[in-house]
Structure formats: C-alpha cells, structure tokens
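Spelled out, the chains give:
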Amino acid sequence: MNKKEWLKKGYVAEPVDKTLDLKAEINKLRKEKNAVILGHYYQSDEIQDIADFVGDSLALAQWAAKTDADVIVMCGVHFMGETAKVLCPDKKVLVPDLNAGCSLADSCPADEFAKFVKEHPDHTVISYVNTTAAVKAVTDVVVTSTNAKQIVESFAKETKIIFGPDRNLGNYINSITNRNMLLWNGACHVHEQFSVEKILKLKQQYPDAAVLVHPECKGAVAKLADKVASTAGLLKYAIASDKKDFIVATESGILHEMRKQCPDKNFIPAPPEDSTCACNECNFMRLNTLEKLYNTLKYEWPEVTVDEAVAYEAVKPIRKMLEISEKLGL
Ligand code: 13P
Ligand code: SF4
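The present account deals with the structure reproduced in this document. (Residues numbered from 1 in each chain as written. Chains lettered and ligands numbered in written order. Predicted model: local features only at pLDDT ≥ 70, side-chain atom pairs only at ≥ 80, totals over all residues. Heavy atoms only, no water.)

## Notes on the site of ligand 2
- In the vicinity of ligand 2 there are 13 residues, among which Cys102, Asn130, Cys188, Glu216 and Cys282 approach most closely.
- The residue makeup of the shell around ligand 2, split by class, is eight nonpolar, four polar and one charged. (Near = heavy atom within 4 Å. Nonpolar A, V, L, I, M, F, W, Y, C, P; charged D, E, K, R; others polar.)

This is the structure we're talking about:
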C-alpha cells in the first residue's frame, strides 16, 4: 500500500519489513534528507539511543531554533512539534505519531483560556510550554520547568500574573517565589498518579535514597522531595549527588539517561498509585516507535502544521523565553 492509500485509511504507520535493519535505514535516511532527530527523555530507550540529541522540553526548543537541518523529526509529543514548527516555519517538522498528544495541553482548550485571559486584562500571561500553539498565541511569555522560576522572578513582585495550565507547577512556583499567580486548573495524568504512600513505602526500603520529583507532581509528593526539578534538572542533580539510591517521581523514560550517566547508582521508578498499570509511562510519548520513526523519515510524514496567524503570535512568547533563558545561561 502506498502512502496515499495509508493516509486515506487513517493509519499512522505502515507495517515495516521485519528483515530491515531499522537503525541502519534510519541512519541512511537522516543523512540523505539532512534531518535531525530530536528526542525527549520520555521516549523509549531505543529512540533515545538513535536520536541526535536527547533533552528536556527547553533543550528541544533550543536545538530546534538553531538547527540547520532541513527536516526536524521531533520524537516527543505534538506540542513539542508545534513549538519547533513555529520557530522554524520553513522547515519540515515531523512527529512519528501525530496522535502523541498531552493530557496537560488538552486540559487547556485555547478558546476557554483566551476567554480567561480577556477577563483579566491587567494580568501578564505566562504559559507552560505544554500547551497548544493557539494557547501560546495569547501568552506573553512561555516557560518550561527548567526556567519557570527565573522567568516568573524576572517580573516585578507586584505584577499580576496568570499562569497556566499546570496547577501543580503553578502552586510550586508560587511557593518558591512567594507569589500569588492566578492558576489555570490543569494537570498531567502521569504526574498526578504518584502517591505519597507508595513513595514513603519505598523510602522504608531505601532509607538513604534521594527522592527526585518533577514539579508537575502534586504538592504533597513534592514535599517529600530532596530535589524538585525538570527532567534535565533531576538528571543533573543525580549526576552530582553522593547518594547511591534515587527514587524518581516522573515519567520512567528519564531513568534510561540516568543509568547511562551514572552506571554505579541505583534508580528506582516511583510507582503510580494504581500498581496494576504502567501509568508512570506517558502513553502519548510512547506512541512513537522505531518503526514509525523509520516511516516518518522515509515518507516525510506525518508533518506538523500550524496556522500562519496563530504561528505569527505564538512565536513571540517562545522567542522571549529563549532570549531570557540565554541571558540566564540556561
Ligand atoms: P520537561 O520540561 O522536564 O522536559 O518536562 C516535559 C514534560 O512533558 C513533563 O511531563
Ligand atoms: Fe504531557 Fe504528562 Fe505526557 Fe508530559 S508526561 S507529555 S505533561 S501527558
């Protein structure tokens, strides 16, 4: 079946010939097409291993902004592809599976957020990068979990701020900056799953373990943390720490890089509340597979598109974030 027929049928990827050496084919295609493969820490181990760069959401945006590749393959979720496309409108931006969405981005529909913003005309709007381009289009500055604290602090204390969409990250930033930002009531279904009880149980088993927590987790979980930070921040902390054991409360994909960087340390994924599921894996992130990555490079599809008028507005707060981050050395 050719690509057009597959598209008509609505399939995300066609079956791949099992005899193919996928890694060799991907390497060949990326060279031929001058493509760069960017991967988030929540991708499967094999995608992380084949990506040109693996990083957190800030690093992915920074790499996309400065690449001279003709094609960007974003092995992450849709909003990451959109951010790359908005920054590089003339490049082809591909996501191996366009169904890779984000429950946090979905918790903030653009029309409702725009209405909320309109109701508070005296507020500066700060949006987490985990949002659609349409939400970014009504935002003053975008942040990620790596730079949220510093960017919020770059505004005078008396500035009235709307922060969306993650209520947990918003509450955490309010607490560490002593602010009272108005929060959108959104959350990530993966990070909300981590439970205090399960982490405390693990702590009994590993009493010396450091607890590493992503700020998208609930406040009660963040309170147990030795370190609250973005994926890149948690990785940095683990590398620098003298501890041997680490309980990690974020999507378990990050453990791959942690184990690679620190082969002598022990990384224990914090279990989700419901231990019958693998809910500490982001089902959206994991939609991307090596087979789909191969098909994406081969067919240069599926492609991320962003409405021109939306992109025109959305690029401003993203660029602002990149400029502030550069000044801060992030
Ligand atoms: P990072 O900014 O830490 O990469 O987080 C992205 C994300 O999707 C968290 O769920
Ligand atoms: Fe979105 Fe949560 Fe998945 Fe991150 S882990 S991409 S916030 S659904």
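## Focus on the sheet that holds strand 1 (residues 35–40)
- Taken in spatial order, the four strands of this open sheet run 2-1-3-4, and their pairing is parallel. Each having just a single partner strand, strand 2 (53–55) and strand 4 (92–94) make up the two edges of the open sheet. Strand-to-strand twist of the sheet, defined as the mean angle between neighbouring strand axes without regard to direction, takes the value 20 degrees. (Pairing = 2+ DSSP bridges. Helix = DSSP H or I, 4+ residues; strand = E, 2+ residues; numbered from the N terminus. Axes fitted to C-alpha atoms, helices over the stretch in contact; angles between N-to-C directions.)

## Details of the site of ligand 1
- Around ligand 1, the structure places His40, Tyr42, Asp56, Ser57, Asn130, Ser145, His191, His214, Glu216, Ser230 and Thr231.
- In the model, an oxygen atom of ligand 1 is placed 2.6 Å from a nitrogen or oxygen of the His40 side chain.
- At 3.0 Å, a side-chain N or O of Glu216 approaches an oxygen atom of ligand 1.
- Alone, ligand 1 offers 300 Å² of accessible surface; in the complex the protein occludes 96% of this.
- Grouping the amino acids of the shell around ligand 1 by side-chain chemistry returns one nonpolar, eight polar and two charged. (Polar contact = N/O pair within 3.5 Å; in protein donor to acceptor, adjacent residues only side chain to side chain. Areas by Shrake-Rupley, 256 points an atom, 1.4 Å probe, with all protein chains shown as cover.)

## Examining unusual backbone geometry
- For the bond from Gly164 to Pro165, the omega torsion is -5 degrees, close enough to zero to count as cis.
- In this structure, Pro302 follows Trp301 across a cis peptide bond, with omega equal to 0 degrees.
- Its location among the elements puts Pro302 in the loop between helix 15 (290–299) and helix 16 (308–328).
- One non-glycine residue, Asn34, lies in the positive phi region at around 45 degrees.
- Assignment of secondary structure puts Asn34 in the loop between helix 2 (22–32) and strand 1.
- Asn34 gets classed as partly exposed once you look at its relative accessible area, which sits at 34%.
- In this structure, Asn178 is a non-glycine residue whose phi angle is positive, near 60 degrees.
- The topology assignment puts Asn178 in the loop between helix 10 (167–177) and strand 8 (182–183). (Buried < 20%, exposed > 50% of the residue type's maximum accessible area, 1.4 Å probe, protein only.)

## Details of helix 10
- Asn168, Leu169, Gly170, Ile173, Asn174 and Thr177 are the residues of helix 10 that are buried.
- The secondary structure elements touched by the buried residues of helix 10 are strand 5 (124–128), helix 9 (148–153), strand 7 (161–164), strand 8 and helix 12 (219–222). (Contact = heavy atoms within 4.5 Å.)

## Details of the sheet that holds strand 10 (residues 227–228)
- The parallel open sheet is built from four strands, whose spatial order is 10-9-11-12. Edge positions in the sheet fall to strand 10 and strand 12 (266–269), since each has one partner strand and no second.
- The pairing of strand 9 (residues 210–213) with strand 10 spans two bridges and is classified as parallel. Across the sheet, residue Leu212 finds its bridge partner in strand 10, namely Lys227.
- Across the sheet, helix 13 (residues 231–240) is in contact with strand 9, strand 10, strand 11 (245–249) and strand 12; its angle to strand 9 comes to roughly 160 degrees.

## Topic: the pattern of salt bridges
- Under the counting rule described, the total for this entry stands at 13 salt bridges.
- Note that Arg30 is salt-bridged to Asp52, the shortest N-O span being 3.2 Å. Residue Arg30 is found in helix 2, and its partner Asp52 is found in the loop between helix 3 (45–50) and strand 2; the two are separated by 22 residues along the sequence.
- The salt bridge involving Lys92 is made with Glu300; its shortest N-O contact spans 2.9 Å. With Lys92 in strand 4 and Glu300 in the loop between helix 15 and helix 16, the pair connects residues that are 208 residues apart, well separated along the chain.
- Each of the salt bridges in this network shares a partner with another, and the network as a whole consists of Lys33, Lys92 and Glu300. (Salt bridge = Lys/Arg side-chain N within 4 Å of Asp/Glu carboxyl O.)

## With respect to the packing of helix 4 (residues 57–66) against helix 16
- Their axes nearest at 11 Å, the elements helix 4 and helix 16 cross at an angle of 100 degrees. Regarding the angle of helix 4 to helix 16, the classification is roughly perpendicular. Facing helix 4, whose interface residues are Leu58, Ala61, Gln62 and Ala65, helix 16 presents Met321, Leu322 and Ser325.
- When the residues that make up the contact of helix 4 with helix 16 are grouped by side-chain class, the tally is five nonpolar, two polar and no charged. (Parallel < 35°, antiparallel > 145°, perpendicular 65-115°, else oblique.)

## Brief notes about the environment of Gly253
- Among the secondary structure elements, Gly253 is positioned in the loop between strand 11 and helix 14 (254–261).
- We classify Gly253 as buried; its relative accessible area is 3%.
- Leave out the neighbours within four places in its chain, and Gly253 touches Tyr41, Tyr42, Gln43, Gln48 and Arg286.

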